[in-house]
Amino acid sequence: MAVVVVESPAKAKTINKYLGKDYTVLASYGHVRDLPPKDGSVDPDNGFEMLWEVDAKSQKHVRAIAEALADDPALILATDPDREGEAISWHLEEALRKRRALKKDTPVRRVAFNAITKAAVEAAMAAPRDIDMELVHAYLARRALDYLVGFNLSPVLWRKLPGSRSAGRVQSVALRLIVEREMEIEAFKAKEYWSVRAMLKTPRGVEFEARLSELSGKKIDRQTLETATRAEMAAAAIASRGGSLFVDSVEAKPGTRNPSPPFMTSTLQQEASRKFGMGAQQTMRAAQRLYEAGHITYMRTDGIDMAPEAVQAARAAIKDRFGAAYVPEKPRFYKNKAKNAQEAHECIRPTDMSRDAGKIGADMGADERKLYDLIWKRTLASQMEAARLERTTAEIRSKDREVALRATGQVIKFDGFIRVYEEGRDEPQDDEDGRLPALSQGEPTPLAAEALREAFDKVREDKKVETQAGLERAEGAMLAGQGAVLAQQHFTQPPPRYTEATLVKRMEELGIGRPSTYASIIGTIQDREYVRKDKNRLIPEDKGRLVTVFLSRYFSKYVSYDFTAKLEEDLDVVSDGGMDWKALLSDFWRDFHAAVEDTAELRITEVLETINEALAPHLFPDKGDGSDPRLCPNCGKGRLSLRTARSGGAFIGCSNYPECRYTRPMGGGEEGEGAIGPDGKLLGHDDDGEPVTLRSGRFGPYVQLGELTEENPKPKRSSIPKGLALDDVDLKKALDLLALPRLVGQHPEGGEIKAGIGRFGPFVMHQPPKAEGEKKLPKPVYANLKDQSEVFDIGINRAVDLIAQKMARGGRGAAATPLKELGEHPDGGAISVYPGRYGPYVKWDKVNATLPKDADPQTVTLEQALELVNAKAAKGGKGKAKKAAPKKAAAKKPAAKKTAKAADGAKAPAKTSAAKKPAAKKAPAKSAAKSAAKDAPTGDPEVDDVFDGGGEA
């Protein structure tokens, strides 16, 4: 027997079915070793020696493999068939040899398969090989580069640009793409242009639309008509010749549309984003589960080629489902045109071409089914016959030949691959796929009176005409053209913001990143809060702009697209054995280290002024009145500039500080009516004459009652809830907020009910009275409110009802009933699916992991749940509770000698034991609430019952 090691338990389960009892199949649970996140893990001065550590969570998995090898002295490494998979195999062998679990004569072999099917696994087991050290060297070089950049560049950012989080070799380049696109959009100047179209009719009364293409012998292109006057003149010219228009020529041309190639990683991520709005990481998680279940081939690839047997299977499936007419005479072959494409692996395709999404098993969730359906359809379409079309163009002219219009149409003669699949589009496009009526040369095509009136009304409703003046001019042209001629105003549009799909596409075009890294790169820049996603578009945050400008100015070489792509090419050469990996690192480190050293004497003021100049259009937008946009609106003397806060981050402040204390957020725009000044915005006074002001603080805007004085060191404050616009905060709203939590009334069973806004939104709270003989009040019961406006007007009946509903679900701190019990975690403890405020989630011990959108909690498997909770724990989620180390007895020394340890560099001890002191005060209610909530699931992934009172800013 032999021990076979794969990455995940799901993959192990599938492979174990194929190999049988002669093999022990175990999971490594991903990488077992990594570079510890501290300085010195890669040593450039010692031949780039790398210090690896076995992760604490991986110790038990390595131990289990070592124990299995004691009985089965043969090891087969069956990790994924790419650079990362090769690295995991190498790490495993190294870790096992250090544990002496492998003897010198223990056979260690590597197998790789592109699909987890019985045939693919058996073929791989019949052809074992050694670990490919060239692939491992490429991995080591990549890992060392990422470490050296991160651990040398990030501290520079922290020192010179407070508030910055980190920099990365590829993530910073991806961020640059997003920031530069945003700056393009901001610098864009829209240009006005007009289009003119007319509705005509044939002698048989069939109407069709045509666009103006020529006027007085001059060709009319998309932006030829730049003003309303020219458009009106053109519309009038058509209207005056409306009765003399005729068909000058008709041309019908046959055409074909060929299918797109099958998916590789980047195109799968793009299409899943276009069609389903799925993020790159969400797509890869679903693809991983499909691969591990044996439904698709390996999902991290830049190859679009398909194995010959798969091509034949696809052609057979097409013939069986759609008929022989849909099978082309010869198979289709594709070649990747992307920069740096390796094409070492097959495309992403189904392992069984005859199996559609309805046959992949009940264990797959909604995301997996959607993605499989996409992959299956795209794969079949890629081997189907082309669609055959007929494109018709009709030229319409006036008898005096002063006016020419063009009508186009398209007819599908044979649908071909379109019957199964059509590729999505990143941006909407104007289609001219309408069908034209039968037209004959020479026949009259007069204007169809009032036929475009409905179209004009739709333009007005959809607000496609950008200005009121443009709308009025268009209406005038419509009247002059008897309702059959429409002159429409347009404005050129800036380039669109990136979606995850278009960003991946652009990175691929530039040769930046690899199939295995796209999703993590996009995830990282969002996790670092450099970028946010709004309506599926990636928008840079201010801190993302700062980092990009800083790196572009002081490390321009290392965020250049060409340099990053060249480095990717060099890493590929290393993987092919054409370059020594340490030589690549040496060349990189020499120049990079010098660039880092050059920033040592850099002053923060110099950095900020550089950013002021680079981001001036964003930080100090032109007011349009010729005044200096950097002149302080508060004192009228100082100049506005970027400043850094002690707490981290940046803001705009006046150079006349401290005389002028004007500040505003970086992205705050210009001051105007309703803006918050340095001393707040006065909203009015309460009944006692105390001023009520709207202010801006570290944690956002808030309202304040009274002034901060020695007599009143803590004036009452209340944070502005999310979703409430600052312009809507008046005196009444402010007083309502300051009155929170408000008393709703008395509960029928005793005790007060209050309404307020806390950390997790609006709520009602019932504080039951003390029971007879009890010294403490019972724990309060909280119920969430869906709408924050209810806080101010909810009545006692509805509040009592909500409290009763919460109590029926288990009440505060009570264990919620699981939706589904999945079984035991390998480390012990039950793992179950629970209902939650943010949707169903998986719970194991103290780790809560929200299920992906559209996932059915009833179909979640134990393997899927393990993947979710392990990923959450790896990101910093709490793992299994560990026994606390026994506390050392307090040293019996005078308190004055406590600082003696400081000489040794040790941390000063905490306060001495409370054994000989009065009893400590009881913990605040907030802490007690959190502590109680830890013991059992409350129905939410987070504790949502914390009473925050007024939400002090």
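About the cut-offs
- Residues numbered from 1 in each chain as written.
- Predicted model: local features only at pLDDT ≥ 70, side-chain atom pairs only at ≥ 80, totals over all residues.
- Heavy atoms only, no water.
- Helix = DSSP H or I, 4+ residues; strand = E, 2+ residues; numbered from the N terminus.
- Expected span 1.5 Å × (residues − 1).
- Bend = angle between axes of the 7 residues up to and from the residue.
- Buried < 20%, exposed > 50% of the residue type's maximum accessible area, 1.4 Å probe, protein only.
- Contact = heavy atoms within 4.5 Å.
- Axes fitted to C-alpha atoms, helices over the stretch in contact; angles between N-to-C directions.
- Parallel < 35°, antiparallel > 145°, perpendicular 65-115°, else oblique.
- Nonpolar A, V, L, I, M, F, W, Y, C, P; charged D, E, K, R; others polar.
- Pairing = 2+ DSSP bridges.
- Salt bridge = Lys/Arg side-chain N within 4 Å of Asp/Glu carboxyl O.
- Core = buried A, V, L, I, M, F, W, Y, C linked by side-chain atoms within 4.5 Å.
- Polar contact = N/O pair within 3.5 Å; in protein donor to acceptor, adjacent residues only side chain to side chain.
- Arc of directions from axis to C-beta.
- Left-handed = near helix turned anticlockwise from the far one by under 90°.
- pLDDT = per-residue confidence, 0-100.
- Phe/Tyr/Trp six-rings, centres within 6.5 Å; stacked < 30°, edge-to-face > 60°.
- Lys NZ or Arg CZ within 6 Å of the ring centre and 35° of its normal.

Draft legend 1. Region of interest: helix H18 (residues 581–598). Here H18 is 18 residues long and its end C-alpha atoms lie 26 Å apart, about the 26 Å a rise of 1.5 Å per residue gives. Maximal helix bending in H18 amounts to about 25°, located at tryptophan 589. Buried within H18 are the following residues: Trp581, Leu584, Leu585, Phe588, Trp589, Phe592, Ala595 and Val596. Lining the buried residues of H18 we find strand S5 (49–50), helix H5 (133–160) and helix H17 (561–575).

Draft legend 2. Quick look at the packing of helix H9 (residues 280–292) against helix H11 (residues 366–382). Between H9 and H11, the least distance of the axes is 9 Å, while the angle of their chain directions is 85°. Comparing the axis directions of H9 and H11 gives the class roughly perpendicular. Contacts between H9 and H11 pair Gln282, Thr283, Ala286, Ala287, Arg289 and Leu290 from the former with Asp367, Glu368, Leu371 and Tyr372 from the latter. For the contact of H9 with H11, the class distribution of residues is five nonpolar, two polar and three charged.

Draft legend 3. Quick peek at the sheet that holds strand S32 (residues 847–850). Spatial strand order, S29-S30-S31-S32: four strands in an open sheet with antiparallel pairing. Because the sheet does not close on itself, it has two edges, and the strands there are strand S29 (820–824) and S32. Averaged over all neighbouring strand pairs, the angle between strand axes comes to 20°, with direction disregarded. Docked against the sheet, helix H24 (residues 862–874) engages S29, strand S30 (830–834), strand S31 (841–844) and S32, running at close to 110° with respect to S32.

Draft legend 4. Representation of the pattern of salt bridges within the structure. Evaluated as defined, the whole model comprises 52 salt bridges. Its salt-bridge partner being arginine 204, residue glutamate 443 comes within 3.2 Å of it at the nearest N-O pair. Of the two residues, glutamate 443 is situated in the loop between strand S14 (403–414) and helix H12 (453–462) and arginine 204 in the loop between strand S9 (192–201) and strand S10 (207–215); the sequence distance between them amounts to 239 residues. Via salt bridges that share partners, Glu271, Arg274, Lys275, Arg378 and Glu423 belong to a single interconnected network.

Draft legend 5. How the structure looks around the pairing of strand S15 (residues 485–491). The buried fraction of S15 amounts to seven of the seven residues, a majority that puts the element mostly inside the structure. Residue alternation in S15 divides its side chains into two sets, Val485, Ala487, Gln489 and Phe491 and Leu486, Gln488 and His490, and both sets are buried. When S9 meets S15, the two strands line up antiparallel, connected through seven bridges. Across the sheet, residue valine 196 finds its bridge partner in S15, namely alanine 487.

Draft legend 6. Representation of the nonpolar core. Core analysis: the largest hydrophobic core is formed by 155 residues, its most contacted members being Phe550 and Phe555. Ranked by residues supplied to this core, first place goes to H5 with 13 residues. Residues Leu215, Leu225, Leu405 and Ala484 belong to the second largest nonpolar core, which totals 29 residues.

Draft legend 7. Spotlight on the side chain of glutamine 488. Within the secondary structure, glutamine 488 sits in strand S15. Engagement of the side chain of glutamine 488 in a polar contact is seen with the side chain of arginine 197, the distance being 3.4 Å.

Draft legend 8. Helix H4 (residues 118–125), seen in detail. The set of residues buried in H4 consists of Val121, Ala124 and Met125. End-on view of H4: buried residues confined to an arc of 100°, all on one side of the axis.

Draft legend 9. Here's a closer look at the sheet that holds strand S21 (residues 681–685). Pairing is antiparallel in the open sheet, where four strands are placed in the order S21-S22-S23-S24. Of all the strands in the sheet, just S21 and strand S24 (717–719) have a single pairing partner and so form its edges. Direction aside, the axes of adjacent strands within the sheet are offset by 25° on average. Bridge count between S21 and strand S22 (residues 691–697): four bridges; the pairing is antiparallel. Counted as the bridge partner of leucine 682 is threonine 693 from S22. Across the sheet, helix H21 (residues 731–738) lies against S21, S22, strand S23 (700–705) and S24, angled at about 85° from S23, the strand it touches most.

Draft legend 10. Structural detail: unusual backbone geometry. Each neighbour pair has its own omega, and for tyrosine 657 with proline 658 the value is 10°, a cis peptide bond. Note that the residue after leucine 740, namely proline 741, is joined by a cis bond; omega there is -5°. Position of proline 741 relative to the elements: it lies in the loop between H21 and strand S25 (742–746). Phi angles above zero are rare outside glycine, and serine 216 is one such case at about 55°. Here serine 216 is to be found in the loop between S10 and strand S11 (218–219). One non-glycine residue, arginine 401, adopts positive backbone phi at about 60°. By the element assignment, arginine 401 lies in the loop between strand S13 (387–398) and S14. Judged by relative accessible area, which is 41%, arginine 401 ranks as partly exposed.

Draft legend 11. Summary view of the packing of helix H8 (residues 265–276) against helix H14 (residues 500–510). Following both chains from N to C, one finds H8 and H14 inclined at 160°, their axes separated by 8 Å at the closest point. Of the possible angle classes, the one that applies to H8 and H14 is roughly antiparallel. Handedness of the H8/H14 crossing: left-handed. Taking contact as the criterion, the partners of Ser266, Gln269, Gln270 and Ser273 in H8 are, on H14, Ala501, Val504, Lys505 and Glu508. When the residues that make up the contact of H8 with H14 are grouped by side-chain class, the tally is two nonpolar, four polar and two charged.

Draft legend 12. Local environment of the environment of glycine 745. Mapped onto the elements of the fold, glycine 745 is located in strand S25. Along the backbone, glycine 745 and isoleucine 796 are 51 residues apart, and their C-alpha atoms lie at a distance of 5.9 Å. The residues contacting glycine 745, other than those within four sequence positions of it, are Gly751, Glu752, Ile753 and Ile796.

Draft legend 13. The arrangement of the confidence of the model for the chain in detail. Model confidence for the chain is summarised by a mean pLDDT of 82, while 84% of its residues fall at 70 or above. For residues 669–674, every residue scores under 50 in pLDDT, and the model assigns this stretch ten contacts once sequence neighbours within four places are set aside. Considering only residues more than four positions removed or in separate chains, one finds that residues 878–953, a stretch of pLDDT under 50, has 90 contacts.

Draft legend 14. Representation of the packing of aromatic side chains in the model. In this structure the tally under the stated criterion is 17 aromatic pairs. For the pair tyrosine 834 and tyrosine 841, a centre-to-centre distance of 6.0 Å together with 25° between the ring planes defines the contact as stacked. For tyrosine 834, a relative accessible area of 11% puts it in the buried group. Here the aromatic cluster, defined as three or more aromatic residues joined through ring pairs, consists of Phe550, Tyr554, Phe555, Tyr558, Phe563, Phe588, Trp589 and Phe592. Positioned over the ring face of tyrosine 498 is arginine 181, at 4.3 Å from the centre of the ring.

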